[in-house]
Amino acid sequence: MKAHSDSFVPEFSVSGKGAIPLQKDFQDNTFGVGRRSVLEAFDMGADTKFAPVEQKPLPFPIDGLEPVISKNLMEYHYGKHHATYVNNLNGLYEKATTAIDSGDTQGFVDISQAIKFNGGGHLNHEFFWESLAPVDKEGGVLPDTFKEGGLLNSAIARNFGSMDDFIAHFSANTGAVQGSGWGWLVYNKTSKDLEFRTTANQDRIADQGAHLVPLLTIDIWEHAYYIDY
Ligand code: MN3
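Residues numbered from 1 in each chain as written. Predicted model: local features only at pLDDT ≥ 70, side-chain atom pairs only at ≥ 80, totals over all residues. Heavy atoms only, no water.

Q: Teacher, can you tell me more about the confidence of the model for the chain here?
A: For any part of a model where pLDDT is low, the fine detail of the predicted coordinates should not be relied upon. Taken over all residues, the pLDDT of the chain has a mean of 82, while the share at 70 or more is 79%. Every residue in residues 1-39 is under pLDDT 50, and counting partners more than four places away or in other chains gives 69 contacts. (pLDDT = per-residue confidence, 0-100. Contact = heavy atoms within 4.5 Å.)

Q: Would you mind showing me how to read the sheet that holds strand 2 (residues 193-200) here?
A: Pairing between the strands of a sheet comes from backbone hydrogen bonds, and it takes one of two forms, parallel or antiparallel. Ordered by their spatial adjacency, 3 strands build an open sheet running 2-1-3, and the pairing between neighbours is antiparallel. Of all the strands in the sheet, the pair left with one neighbour each is strand 2 and strand 3 (212-219). Recorded for the sheet is a direction-independent mean angle of 25 degrees between the axes of neighbouring strands. By the bridge criterion, 8 bridges tie strand 1 (residues 181-188) to strand 2 in an arrangement that is antiparallel. (Pairing = 2+ DSSP bridges. Helix = DSSP H or I, 4+ residues; strand = E, 2+ residues; numbered from the N terminus. Axes fitted to C-alpha atoms, helices over the stretch in contact; angles between N-to-C directions.)

Q: I would appreciate a short explanation of the packing of aromatic side chains in the present structure.
A: The geometry of an aromatic ring pair is captured by the separation of the ring centres together with the interplanar angle, meaning the angle of the planes. Counted under the stated rule, the structure contains 10 aromatic pairs. Relative to Phe-117, the ring of Tyr-85 has its centre 5.8 Å away and its plane inclined at 70 degrees; by these criteria the two rings are edge-to-face. Residue Tyr-85 is located in helix 2 (residues 71-101), and its partner Phe-117 is located in helix 4 (residues 112-130); the two are separated by 32 residues in the primary sequence. A residue is classified by how much of its surface remains accessible, and Tyr-85, at 6% relative accessible area, is buried. On the basis of relative accessible area, Phe-117 is assigned to the partly exposed category, the value being 33%. A ring pair is formed by Phe-166 and Phe-170, whose centres lie 5.6 Å apart and whose planes are at 65 degrees; its orientation type is edge-to-face. Placement of both Phe-166 and Phe-170 in helix 6 (residues 163-175) is noted, with a separation of 4 residues, approximately one turn of the helix. The same class applies to Phe-166 and to Phe-170, which are both buried. Here the aromatic residues Tyr-78, Phe-127, Phe-128, Trp-129, Trp-182 and Trp-184 are joined through ring pairs into a cluster of three or more. (Phe/Tyr/Trp six-rings, centres within 6.5 Å; stacked < 30°, edge-to-face > 60°. Buried < 20%, exposed > 50% of the residue type's maximum accessible area, 1.4 Å probe, protein only.)

Q: Would you take a moment to explain empty space enclosed by the protein for this structure?
A: Empty space left among the atoms is revealed by rolling a probe the size of a water molecule over them. Counted by the stated rule, this structure contains 1 cavity of 30 Å³ or more. Empty space within the largest cavity amounts to approximately 60 Å³. Together, Lys-56, Pro-57, Leu-58, Pro-59, Tyr-78, His-82, Glu-126, Trp-129 and Glu-130 line the largest cavity. Breaking the lining of the largest cavity down by element, the ones donating at least two residues are helix 2 and helix 4. Residue contributions to the lining of the largest cavity peak at 3 residues, all from helix 4. The residue makeup of the lining of the largest cavity, split by class, is 5 nonpolar, 1 polar and 3 charged. (1 Å grid on protein atoms, 1.4 Å probe; cavity = no way out; pocket = protein on both sides within 12 Å on 5 of 7 lines; lining within 4 Å. Points joined across faces, edges and corners; volume = space filled by probe spheres on them. Nonpolar A, V, L, I, M, F, W, Y, C, P; charged D, E, K, R; others polar.)

Q: Can you help me understand helix 5 (residues 151-160) in this one?
A: Residue pairs spaced three or four apart in an α-helix point in one direction, given the helix's 3.6 residues per turn. Where helix 5 is concerned, the buried positions are Leu-152, Asn-153, Ala-155, Ile-156 and Phe-160. Each buried residue of helix 5 lies within a common arc of 165 degrees when the element is viewed along its axis, so the set occupies one face. (Arc of directions from axis to C-beta.)

Q: Any chance you could explain the pairing of strand 1 here in plain terms?
A: Each regular strand carries side chains that alternate between the two faces of the sheet. Of all 8 residues in strand 1, 8 are buried; the element is thus mostly enclosed. Burial along strand 1 is two-sided: Gly-181, Gly-183, Leu-185 and Tyr-187 and Trp-182, Trp-184, Val-186 and Asn-188, pointing in opposite directions, are all buried. As consecutive antiparallel partners, strand 1 and strand 2 are separated by 4 residues, and within that stretch Lys-192 has a phi angle of approximately 60 degrees, a positive value. As paired elements, strand 1 and strand 3 share 7 bridges and run antiparallel to each other. Its bridge partner lying in strand 3, Gly-183 is registered against Ile-218.

The structure is reproduced here in structure tokens:
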């Protein structure tokens, strides 16, 4: 089963030469897979099988982030940590299927926290890999939309003061997260503003409201940097 790709059309659209599209409503689309699967399972009754979750290939070579992030670290982070969330999630799908097929409500509810944790871990990492770019693909260089005159640049100036203020705010407040978690730049569909947010553990930004669209994230789990830094 694949994530459906209904595009989210932001209230402000990014177009024109050199502009990048805003992220689609990634979390809603992706989470729709799990949500729909459960409903389908109820509809179809016993013997329903979930399609296993598959870990997508990285959008760049495993050594593509060197020298900032080493191949060695990526082999652990993508190859071990992210893969473990995916494997755990597939194990939980099996348990969920068994519980649903046998009408075991308690068994189904018992695994919900583990589904939230491993499912969030998988979805957050998929989004995180898309937030990164190799040095030879302009990693570390501001895309045009973040530059003076660009749409995101104006939005950031409005909500954070300036690009420098935003970078300082993002760095300081992401670094200040205690324990494990994530720092996010989000678009608030209700206020039409950009916001900085953090989530703890493997919580998703969608946990804070469906009106929040993630644009950029930084993984601040120790496993994201402990080998290199
Ligand atoms: Mn991680």
